Structures are given as structure tokens and as C-alpha cells.
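Structural overview
The primary structure of each chain is shown beneath.
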Amino acid sequence: MRITNLDGRLALLSGGGAIDVERASDGRFAADPQQIYTEWEQFRRWADGVNTETVEPFAATAVRQLVTAPRQIFAIGLNYSEHAAESGFTAPEHPAVFTKFAGSLTGPSGMIDLPAATVDWEVEVVAVIGREAYQVPESAAWDHVAGLTVGQDLSERTLQLSGPVPQFSLGKSYPGFSPIGPALVTVDEFLNPDDLELGCQINGELVQKGRTTDLIFSVPELVARLSSVLPLLPGDVIFTGTPAGVGHARTPQRYLRPGDELVSWVEGIGEMRHTFTGLSAMELGGTR
């Protein structure tokens, strides 16, 4: 099953078209995309029997963020060995967990303002929780995941790394710094949900490419480890980490500039497209 948010309304995707969930269910399920995660099992059963002949075309520009008001957003740092190495760290023995704030969420396309000259890209697979998970074993973790989507953990490196204690959460939570989409895809849609290709391009140049088989802590292990400490709630979001290729680790370092187009994708889910605006090239320190 694939779902999305079309101009603020929950929709099922099928055969290149969409089905408005509230209308198709005669009001059984709300149009608000966030509410569906609290009724995920009932929704799945209903969706399995929906008439897919009622699909209607939609414009890609109508697609919004899948999760609009999560109670918790988790993010995992250094979760690919090559990314840990390029960042100057050894592979961690435990997940490096930080948070991103909900005000940074945005949809899979559009413009994102650059607040400074050192904004970096980090493509990620994002998991959304569909059933409360507390002290869940790794073997049962996928049962608590509603689905997977594409994400970018955009990072303003100067703020992130400033001060005696790094400001990961603030540096990664400017408006638009957590784009997700274009669809949430349930785990059963993948041949192997633990082996997905992900990557991103800037102006057509490939800058990141990896596979989730290289995750140090897989999605099920992250659900198990996080839920061993606190409940994961329906609609919560987990950014699972980025592969190697970020701009901060390059020589010379490279960051996003006004006019850059960032295309991010995950195999079997789709792609996001964002263009950056805001400060002028001169204000951002000149051209590359």
C-alpha cells in the first residue's frame, strides 16, 4: 500500500492515480493525514478492500508531507560505516540519537531557504511508526512500522557543531530542513525492506548513493533500541541515517547554494525535488 498527502487530504495511491480516503470511506477515516496512524490497523484492513477503479489523476505539486504533526522525531547519526569514517569517527557501538523539531518538516518538493553558507545534504530512509512500540524485540519491530519514505536531514553545519556541546537538533531544524515524501510505502511492498538503494543528486551530479544493507543499526534494531527506553507512538518519525558523500566531509568542503536543485530518492518509494533560495551567493561566501 502507498499513501500520500494531497493538499492536506489523505490519499491512497494506485495505478498512477489517487483515491481520496475520507470520501471513499464515507467519512470512516478522516482527511487529516496525521490521524490515520492512530487507526493504522483498521485503515489497512479497509484499504485492502477498496475499489481501485475510482482513482483520479493528481498533480505532483499537490503532494505534501506525509506526517504533519508527529509527537516525536528521532534521527540517527553515523549509521553507515563509510559516513562515520568520512566524518572522522569509528562506527558507533550504540545508535547516536538526536531529535529534529516538527517545525522543520516539509513536503517532497518546493523551495527551501538557506539560512547560512554551510547547509549540507543527508539523504535518508525514514520510518513512520504505525503501532505503539515499547520494549519491542527486534524480531517483532517491523510489525510496528507503518511504512517507509524518503527524507533529507538537511544540516546547517556551523550551528550544528558550535559551542562546547554540539547543537545537532537546532542545526538540523530550520524551516524546511526535514523534507519527507512523496509517499509512505508499507513494508510488504518491498522484496526486502532491509535492502533499499538511496541517493541524491545536486544539479544532476550524483553526490550520495548507498544501500540500507550497510546500515550499522537496521530499522528493526533502531525500533527495538529506541523502544527499550521510551514508547514510540503512532505517527512518530525515525530518520535512520545517511550514507557517505556529505558536503562537509569533502575536500574542499561543499555546501548548498541558491539555485541548486537537490533530488533525493529511495528505491521503491520515489523521489523528492527541492530548489534552494534565500541568501545571495555573495552573502553565502561566493560560488564554489
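Below or above, wherever it landed, is the structure these notes cover. Here the structure is a predicted model, which is why all the values come from computation and not from measurement.

Reading guide: rules and limits
- Residues numbered from 1 in each chain as written.
- Predicted model: local features only at pLDDT ≥ 70, side-chain atom pairs only at ≥ 80, totals over all residues.
- Heavy atoms only, no water.
- 1 Å grid on protein atoms, 1.4 Å probe; cavity = no way out; pocket = protein on both sides within 12 Å on 5 of 7 lines; lining within 4 Å.
- Points joined across faces, edges and corners; volume = space filled by probe spheres on them.
- Helix = DSSP H or I, 4+ residues; strand = E, 2+ residues; numbered from the N terminus.
- Nonpolar A, V, L, I, M, F, W, Y, C, P; charged D, E, K, R; others polar.
- Salt bridge = Lys/Arg side-chain N within 4 Å of Asp/Glu carboxyl O.
- Buried < 20%, exposed > 50% of the residue type's maximum accessible area, 1.4 Å probe, protein only.
- Pairing = 2+ DSSP bridges.
- Axes fitted to C-alpha atoms, helices over the stretch in contact; angles between N-to-C directions.
- Arc of directions from axis to C-beta.
- Contact = heavy atoms within 4.5 Å.

Rolled over the atoms, a probe as big as a water molecule pinpoints where empty space is left. Space inside the largest pocket adds up to approximately 370 Å³. It is strand E6 (residues 96-99) that contributes the most residues to the lining of the largest pocket, three residues altogether. A class-by-class count of the residues in the lining of the largest pocket yields 11 nonpolar, seven polar and six charged.

The subject of this paragraph is the pattern of salt bridges. Pairing between side chains of opposite charge can happen when the charged atoms of each approach one another. Following the criterion strictly, the structure yields 19 salt bridges and no others. Note that Glu22 is salt-bridged to Arg9, the shortest N-O span being 2.6 Å. Within this pair, whereas Glu22 is found in helix H1 (residues 21-24), its partner Arg9 is found in strand E2 (residues 9-14), the two being separated by 13 residues in sequence. A relative accessible area of 23% places Arg9 in the partly exposed class. Note that Asp120 is salt-bridged to Arg157, the shortest N-O span being 2.9 Å. One end of the pair, Asp120, is in strand E9 (residues 119-120); the other, Arg157, is in helix H4 (residues 157-160), with 37 residues separating them in the sequence. Like Arg157, Asp120 is buried. If you follow the salt bridges from partner to partner, you end up with Lys100, Asp120, Glu122, Asp153, Arg157 and Lys172 in one network.

This next bit is on the sheet that holds strand E8 (residues 109-114). In spatial order, the strands read E8-E18-E17-E14-E15; together these five strands make up an open sheet with mixed pairing. This sheet does not close on itself; its edge strands, each paired only once, are E8 and strand E15 (205-211). Direction aside, the axes of adjacent strands within the sheet are offset by 20° on average. The pairing of strand E17 (residues 261-266) with strand E18 (residues 270-278) spans six bridges and is classified as antiparallel.

Here we come to helix H2 (residues 40-48). Residues of H2 that are buried: Trp40, Phe43 and Ala47. The arc enclosing the buried residues of H2, seen along the axis, measures out at 60°, which places them on a common side. Across from the buried face of H2, at angles greater than 90 degrees, the exposed residues are Arg45 and Asp48. Buried residues in H2 make contact with strand E1 (2-6), E2, H1, strand E11 (145-152) and strand E13 (178-185).

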